Amino acid sequence: MTTDAKTPAAAAPSGDHLGTFIGGSWLERSSAFPSVDPATGETFGRIAASEVADVDRAVSAARAAARDWSRTSPSERGAILGRWAGLVFQHQHRLAALEARNVGKPLSGGLLNVQIAGSILQFTSGGADKLTGATLPTRSPDYFGFTRREPHGVCAIVLPWNVPAVLCAANLAPALAAGNTVVLKPSEVAPLVIHALVELAEEAGLPAGVLNVLTGIGVELGATLVSHPGIDHISFVGSVATGRLVMQAAAQNLIPIKVELGGKSPNVVFADADLEVAVPAIVRSITENAGQNCNAGSRLLVETGIADEVRSRVLAAMGEIRIGAWDDDLDMGPLVNQAQHARVSGLVEGALGDGVELLLGGTRPEGRDSGNFLSPTVLEVTDRNAPIVGQEIFGPVLTVETFTGDDDAIALANGTDFGLLACIWTQDVSRALRMSAEIGAGQISVNQFSDAGVIGMPFNMAKQSGFSAGNGYRGLYEFTREKAVAVKLLG
Ligand code: NAD
């Protein structure tokens, strides 16, 4: 077993890798795409791209391994996941550097994500042998009825680039624990940490063919994978636009699908909120990973009476955010690539006008002429119909709106097509519970951002943010189907 325990935390990782893992082997391929450091534009390696014909090979390898893996004892499957979790923690610094350099996030952000990935693997390893069906009541003692939980078969898992280690663990662990085999397609934008995680899965004892990886362009490789007739279930994480296409492929083959899409999460701040706690968390919720998180707190909704104070505190804190490359390990890095930088800058520029005023940022930080850096940006919005309050920006861009009273807060919070996370800031327990019921989101946080402190909290979604019971113990059931068995006892 190799260990990187002595590797310095900030050692620059190589961006070279083979992107195709089929039937237990990493395969050479003739075409490649570059690994580009988002902070410098420097190419630090090349990833050999999978061919479209590899889809068929990978699905065949997964199909060939499916029967044996589904018949492997659930305890043994759990034990492999547990060993994998151990290896992830053992190699956490190397993995963190890969994620941080590839995505552009600060090293400590990469480390946190890798630790979350390890925790998900660990949590799920314990669930593998606790998936059960039910015994059913019968009309007479001469009958016996029960349900079995069975794997779907071959799962396609298609992932985005923003939090690759976490999403890899969150989707692979339940799929494998439940006895499925997998063809995984990481995003071509930042696949390095996923490749390293897959190597560790092999080292943990995952049999050949159970997990296969294809790396390449989504519209070619991803589309071919999700429409392949050998796929039994799709798990897709990404944008709404791609989610629609992937759902069409699932409809064509009539297979189940789980989709986890975008967000526009509000931080709803009432006049009685504890601002010492709220303001740093709100600022972090939109600057962490440069706002490139599905659950980023991109909308600040403030009760009128406290709006001036919250606005000035948030602006001060956003103005103090320290920006740098992954190995500077400051508060915020660049956007992932030039296209993302151009898109986010364009959305901000296009939004300004009647009802939308720039309070902070909107441009490159001083002295950062290269790389994909954008300053933390704050927009005051007085026109509730301004498109910017409903669009997923996926950058460090916060809109600020005010409300008057509980009903107005609910209407404002519910005013977008998304429904991923809503954070309620109040010291009034009754109001917090009322808001939890009235706001249309898959997840609610009270006096904190997101699920910190809760083990196995489901990553649920509502409205156009998608539908799934991702993460947590119930997430395992997503990767099974139920079979009903009825028996007449003879003799
Ligand atoms: P994307 O939709 O562009 O790509 C996601 C994946 O789909 C990539 O692997 C891509 O190669 C692949 N793909 C692209 N076109 C495809 C097609 N036609 N068929 C099949 N696959 C295809 O998203 P992105 O830019 O990589 O990621 C950002 C998006 O992901 C944001 O909208 C963000 O909110 C969302 N996201 C959601 C969650 C969640 O849990 N809800 C988590 C992280 C990110």
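Residues numbered from 1 in each chain as written. Predicted model: local features only at pLDDT ≥ 70, side-chain atom pairs only at ≥ 80, totals over all residues. Heavy atoms only, no water.

Student: Pulling in residues and values, what's your account of the pairing of strand β7 (residues 143–151)?
Tutor: Here strand β6 (residues 135–136) pairs with β7 via 2 bridges, running antiparallel. Across the sheet, Thr135 pairs through a bridge with Phe146, a residue of β7. Once β6 ends, the chain turns through 6 residues before running back antiparallel as β7. Bridging between β7 and strand β25 (residues 480–488) involves 9 bridges; their strand directions are antiparallel. Counterpart to Phe146 in the pairing with β25 is Val485. (Pairing = 2+ DSSP bridges. Helix = DSSP H or I, 4+ residues; strand = E, 2+ residues; numbered from the N terminus.)

Student: Just give me the short version of the sheet that holds β7, but keep the residues and values in it.
Tutor: Here 3 strands make up an open sheet; going across it, the order is β6-β7-β25 and the pairing antiparallel. Only two strands of the sheet have a single partner each, and these edge strands are β6 and β25.

Student: Which residues make up the domain arrangement of the protein chain, and what values do they have?
Tutor: Interface size is commonly expressed as the accessible area that is lost once the parts come together. We note that the domain assignment places domain 1 (17–261 + 468–485) and domain 2 (266–455) within the protein chain. Taken over C-alpha atoms, the centre of domain 1 sits 30 Å from the centre of domain 2. When the two sides are added together, the surface that domain 1 and domain 2 hide from each other amounts to roughly 1700 Å², 61% of it contributed by carbon and sulfur. Counting every contact that joins domain 1 to domain 2 gives 0 salt bridges. At the boundary of domain 1 with domain 2, the tally comes to 6 residue pairs in polar contact (both at pLDDT 80 or more). Those elements giving two or more residues to the side of domain 1 that touches domain 2 turn out to be α3 (92–103) and α4 (107–125). For the side of domain 1 that touches domain 2, the element with the highest residue contribution is α3, accounting for 5 residues. (Domains from an automatic or database assignment. Buried area = accessible area lost by both parts, 1.4 Å probe. Salt bridge = Lys/Arg side-chain N within 4 Å of Asp/Glu carboxyl O. Polar contact = N/O pair within 3.5 Å; in protein donor to acceptor, adjacent residues only side chain to side chain.)

Student: For the nonpolar core, give the residues involved together with the corresponding values.
Tutor: Judged by nonpolar contacts, the single largest core of 62 residues is most densely connected at Trp84, Leu172, Leu176, Val182 and Leu184. Per-element accounting of this core gives the leading share, 11 residues, to helix α5 (residues 164–177). Setting aside anything within four residues of it in sequence, one finds Trp84 in contact with Leu121, Leu172, Leu176, Leu197, Leu200, Ala201 and Ala204. Of all hydrophobic cores here, the second largest spans 48 residues; its members include Val283, Met332, Leu374 and Ile393. (Core = buried A, V, L, I, M, F, W, Y, C linked by side-chain atoms within 4.5 Å. Buried < 20%, exposed > 50% of the residue type's maximum accessible area, 1.4 Å probe, protein only. Contact = heavy atoms within 4.5 Å.)

Student: Could you give me a rundown of the pairing of strand β16 (residues 377–381), with the residues and numbers involved?
Tutor: The buried fraction of β16 is high, at 5 of 5 residues. Burial of β16 is two-sided: the residues Thr377, Leu379 and Val381 facing one way and the residues Val378 and Glu380 facing the other way are all buried. In the sheet, strand β15 (residues 356–360) pairs with β16 via 4 bridges, with the strands oriented antiparallel. When the bridges of β16 are listed, Leu358 appears paired with Leu379. As paired elements, β16 and strand β17 (residues 397–403) share 4 bridges and run parallel to each other. Across the sheet, Thr377 pairs through a bridge with Val397, a residue of β17.

Student: How would you sum up the sheet that holds strand β1 (residues 17–18)? Please name residues and give values.
Tutor: Remark on secondary structure: sheet strands pair via backbone hydrogen bonds, oriented parallel or antiparallel. Across the sheet, which stays open at both edges, the 3 strands sit in the order β1-β5-β4 with mixed pairing between neighbours. Across the chains shown, the open sheet's two edge strands, defined by having one partner strand only, are β1 and β4 (32–36). Relative to strand β5 (residues 43–48), β4 is paired through 5 bridges, and the arrangement is antiparallel. When the sheet's bridge partners are listed, Val36 is paired in β5 with Thr43.

Student: An account of the site of the ligand is requested, with residue identities and associated values reported.
Tutor: Inspection of the region around the ligand gives 30 residues, with Leu159, Glu188, Ser239, Leu261 and Glu392 positioned closest. The side chain of Lys185 places a nitrogen or oxygen atom 2.9 Å from an oxygen atom of the ligand. Here an oxygen atom of the ligand sits 2.7 Å away from a polar atom, N or O, in the side chain of Glu188. Within the complex, the protein chains bury 90% of what would otherwise be the 860 Å² of accessible surface of the ligand. Taken together, the elements giving at least two residues each to the shell around the ligand come down to α7 (218–226), β11 (233–237) and α8 (240–253). Across the shell around the ligand, the residue classes break down as 18 nonpolar, 8 polar and 4 charged. Residue contributions to the shell around the ligand reach at least three from each of two domains, namely domain 1 (17–261 + 468–485) and domain 2 (266–455). (Near = heavy atom within 4 Å. Areas by Shrake-Rupley, 256 points an atom, 1.4 Å probe, with all protein chains shown as cover. Nonpolar A, V, L, I, M, F, W, Y, C, P; charged D, E, K, R; others polar.)

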